[in-house]
Amino acid sequence: MKIGIVGTGTMGTGIAQVAARAGHQVFLYDARPEVGQKALAHIAQALQKEIEKGRMIATEADALMQRIAWIDALEKMRPCNWVIEAIVEDLVAKKAVFTALEEIVSTDCILATNTSSLSVSAIAASCRRPERVLGIHFFNPVPVMQLVELIPAVQTAADLIDPIKEELLRWNKIPVIAKDTPGFIVNRIARPYYTEALRMLDEGIADCATIDLAMTSLGGFRMGPFLLMDFIGHDVNFRVTEGLYQSCYQEPRYRPSFSQKRLFEAGYWGKKTGRGFYDYSKNLPVASADQTLLQQIFKRILLMLINEAADAQYWKIASPEDLDLAMTKGMNFPKGLLQWADEWGIEACVRGLDELYSHYHEERYRCSMGLRKKVRN
Ligand SMILES: NC(=O)c1ccc[n+]([C@@H]2O[C@H](COP(=O)([O-])OP(=O)(O)OC[C@H]3O[C@@H](n4cnc5c(N)ncnc54)[C@H](O)[C@@H]3O)[C@@H](O)[C@H]2O)c1
């Protein structure tokens, strides 16, 4: 197949690498021509590392590079079977690209957006043939992260998804299907990992290091929430939370924290700026070893995560299998949240949430009907 990539920044470059690795011919286009050389150099460097690790041989890497071509005009996307857009996260800019592409490619070419937060249906509406438009949401770094969320727009043809799913399996990806709703699966369901940790910090229940320790030592999460937020960057993580909060009509579960907003405003964006919740010029602070406190923190964050997953199941954001797969493959969670709920016992989860709700009397802590319903089943 011939795959076109529009926008060759972080994501476009990664998508190009995996598409070429799967044997496809790839056309790269970016509004800034200087980015093209950078993208090719970046892929060559990534392949060199693969060779050094013994995962690829030099002739394979050469052949892969031969399959990637830089093009200096969108018109040269004409022979493509798929075009994946990975430009700046801006609805007006994305719509303009889709409208222009439609005039160039054949009528059966699939047009995909890698948007993280925009409505795929709104992007598809810019096309005369919106039935061939969908979201294909890759995760960063694309060559490493196996999860891909497939998001049919309301206009997408029903028979489009299965062949794309099959093709992505050949790219060594794990595709899941998500409804076109804010945050799709991962960016929505993972939210309490950050927001509930921030809430406990803001309430003075524990410090960052203690909350991080609770999640890594008791939950088996690879990184605690504060270290993870610092790693992602507060410029990105804060904006995602704020975007989700606004697009879900101020859903209290997603309300951003002023502590994180101030870090964002101060330019303390985390590891990449040397300072975020932690100061990376110093040793990380020591956590409390109070086991009761650690248990309380772990239980509260996990309950909120489970509630979020059950709520997504209730609102048919994805199938239960895909919800769990998305969290293990897209967030590296040690276990799927619905599986965790079953292991903990649904009644215990409902009881834990009801206790939080009766303590705070806040909508944020309401137990999802999705969880309550599981008790009755
Ligand atoms: N970075 C992530 O972790 C991540 C993860 C998943 C999805 N996404 C989504 O992927 C998309 C790209 O993100 P990124 O992080 O790769 O951004 P980026 O800033 O690294 O790259 C965007 C590229 O698009 C180019 N561009 C901008 N407008 C263009 C236009 N009209 N035509 C052609 N090229 C244009 C820019 O020159 C730039 O090279 C966004 O929609 C983002 O939300 C990002």
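- If you look the protein chain up in an unreviewed UniProt entry, it shows as 3-hydroxybutyryl-CoA dehydrogenase from Haliscomenobacter hydrossis.

## A closer look at unusual backbone geometry
Here's step 1: N140 connects to P141 through a cis peptide bond whose omega is -5°.
Here's step 2: Relative to the helices and strands, P141 is located in the loop between strand 6 (133-138) and strand 7 (147-152).
Here's step 3: A positive phi angle is found at K316, which is not glycine, with a value near 60°.
Here's step 4: Tracing the sequence through the fold places K316 in the loop between helix 13 (291-314) and helix 14 (320-330).
Here's step 5: For H361, which is not glycine, the phi torsion reads 55° and is therefore positive.

## Section: the side chain of R300
Here's step 1: With respect to the helices and strands, the residue R300 is situated in helix 13.
Here's step 2: Residue R300 is classed as buried on the basis of its relative accessible area of 6%.
Here's step 3: A distance of 2.8 Å separates polar atoms of two side chains, one belonging to R300 and the other to E196.
Here's step 4: Excluding residues within four positions of it along the chain, R300 makes contact with E196, R199, M200, E203, I205, L356, Y360 and Y365.

## Observations concerning the UniProt feature "domain: 3-hydroxyacyl-CoA dehydrogenase C-terminal" (unreviewed entry) in the protein chain
Here's step 1: In the numbering used here, UniProt assigns the "domain: 3-hydroxyacyl-CoA dehydrogenase C-terminal" (unreviewed entry) feature to residues 183-280 and 298-372.
Here's step 2: Taken end to end, residues 183-280 has its terminal C-alpha atoms 30 Å apart, with 60% of it in helix and 0% in strand.
Here's step 3: Taken end to end, residues 298-372 is 73% helix and 0% strand, and its two terminal C-alpha atoms sit 21 Å from one another.

## Section: the UniProt feature "domain: 3-hydroxyacyl-CoA dehydrogenase NAD binding" (unreviewed entry) in the protein chain
Here's step 1: When the UniProt feature table is mapped onto this chain numbering, "domain: 3-hydroxyacyl-CoA dehydrogenase NAD binding" (unreviewed entry) sits at residues 2-181.
Here's step 2: As a span, residues 2-181 carries 39% helix and 21% strand, and end to end its C-alpha atoms are 30 Å apart.

## Considering the pattern of salt bridges
Here's step 1: Evaluated as defined, the whole model comprises 26 salt bridges.
Here's step 2: Between E167 and R170 there is a salt bridge, with its nearest N and O atoms 2.9 Å apart. Here E167 pairs with R170, and both are found in helix 6 (residues 161-170), just three residues apart, close to one helical turn.
Here's step 3: Of the charged contacts in the structure, one is a salt bridge between E265 and K261, with a shortest N-O distance of 3.4 Å. Of the two residues, E265 and K261 both sit in helix 12 (residues 258-266), four residues apart, roughly one turn of that helix.
Here's step 4: What you see here is one network of salt bridges that share partners, running through R188, E251, R253, E308, D311, E363 and R366.

## Things to note about the domain arrangement of the protein chain
Here's step 1: Parsing the protein chain into structural domains produces domain 1 (2-177) and domain 2 (187-376).
Here's step 2: When each unit is reduced to the centre of its C-alpha atoms, the spacing between domain 1 and domain 2 is 31 Å.
Here's step 3: Listed as interface residues are eight residues of domain 1 and, on the opposing side, nine residues of domain 2.
Here's step 4: For the pair domain 1 and domain 2, the summed buried area comes to about 750 Å², and 59% of that belongs to carbon and sulfur atoms.
Here's step 5: Of all residues in domain 1, M145, L147 and V176 give up the largest surface area on contact with domain 2, accounting jointly for 45% of the area buried on that side.
Here's step 6: Between domain 1 and domain 2 we count zero salt bridges in total.
Here's step 7: Run the count over domain 1 and domain 2 and you get one residue pair in polar contact (both at pLDDT 80 or more).
Here's step 8: Partitioning the side of domain 1 that touches domain 2 into residue classes produces six nonpolar, two polar and no charged.

## Some points on the packing of helix 11 (residues 234-247) against helix 12
Here's step 1: Interhelical geometry of helix 11 versus helix 12 gives an angle of 135° and a closest axis separation of 9 Å. Taken together, the axis directions place helix 11 and helix 12 in an arrangement best described as oblique. The two elements helix 11 and helix 12 cross, and the hand of that crossing is left-handed. Between helix 11 and helix 12, the contacting residues are H234, D235, N237, F238 and R239 on the first element and Q260, K261, L263 and F264 on the second.
Here's step 2: Partitioned by chemical class, the residues of the contact of helix 11 with helix 12 number three nonpolar, three polar and three charged.

## With respect to the packing of aromatic side chains
Here's step 1: Within the structure shown, the criterion is met by 15 aromatic pairs.
Here's step 2: A ring pair is formed by Y193 and F333, whose centres lie 5.6 Å apart and whose planes are at 55°; its orientation type is tilted. With Y193 in helix 8 (residues 191-203) and F333 in the loop between helix 14 and helix 15 (337-344), this residue pair connects regions lying 140 residues apart in the sequence.
Here's step 3: By relative accessible area, Y193 is classed as buried at 1%.
Here's step 4: Using a relative accessible area of 5% as the deciding quantity, one classes F333 as buried.
Here's step 5: Consider the rings of F298 and W344, whose centres lie 6.0 Å apart with planes at 75°: the pair is edge-to-face. Remark: W344 occurs in helix 15 and F298 occurs in helix 13; sequence separation between them is 46 residues.
Here's step 6: Given a relative accessible area of 7%, F298 falls into the buried group.

## Description of helix 1 (residues 10-21)
Here's step 1: Between the first and last C-alpha of helix 1 there are 17 Å, a value that for 12 residues agrees with the 16 Å anticipated at 1.5 Å per step.
Here's step 2: Of all 12 residues that make up helix 1, 10 are buried, and the element is covered over most of its length.
Here's step 3: Those residues of helix 1 lying buried are M11, G12, T13, G14, I15, A16, Q17, V18, A19 and A20.
Here's step 4: Immediately downstream of helix 1, the backbone of G23 shows phi near 100°, a positive value.

What counts as what
Residues numbered from 1 in each chain as written. Predicted model: local features only at pLDDT ≥ 70, side-chain atom pairs only at ≥ 80, totals over all residues. Heavy atoms only, no water. Helix = DSSP H or I, 4+ residues; strand = E, 2+ residues; numbered from the N terminus. Buried < 20%, exposed > 50% of the residue type's maximum accessible area, 1.4 Å probe, protein only. Polar contact = N/O pair within 3.5 Å; in protein donor to acceptor, adjacent residues only side chain to side chain. Contact = heavy atoms within 4.5 Å. UniProt positions renumbered as here; feature names shortened; annotations may be inferred. Salt bridge = Lys/Arg side-chain N within 4 Å of Asp/Glu carboxyl O. Domains from an automatic or database assignment. Buried area = accessible area lost by both parts, 1.4 Å probe. Nonpolar A, V, L, I, M, F, W, Y, C, P; charged D, E, K, R; others polar. Axes fitted to C-alpha atoms, helices over the stretch in contact; angles between N-to-C directions. Parallel < 35°, antiparallel > 145°, perpendicular 65-115°, else oblique. Left-handed = near helix turned anticlockwise from the far one by under 90°. Phe/Tyr/Trp six-rings, centres within 6.5 Å; stacked < 30°, edge-to-face > 60°. Expected span 1.5 Å × (residues − 1).

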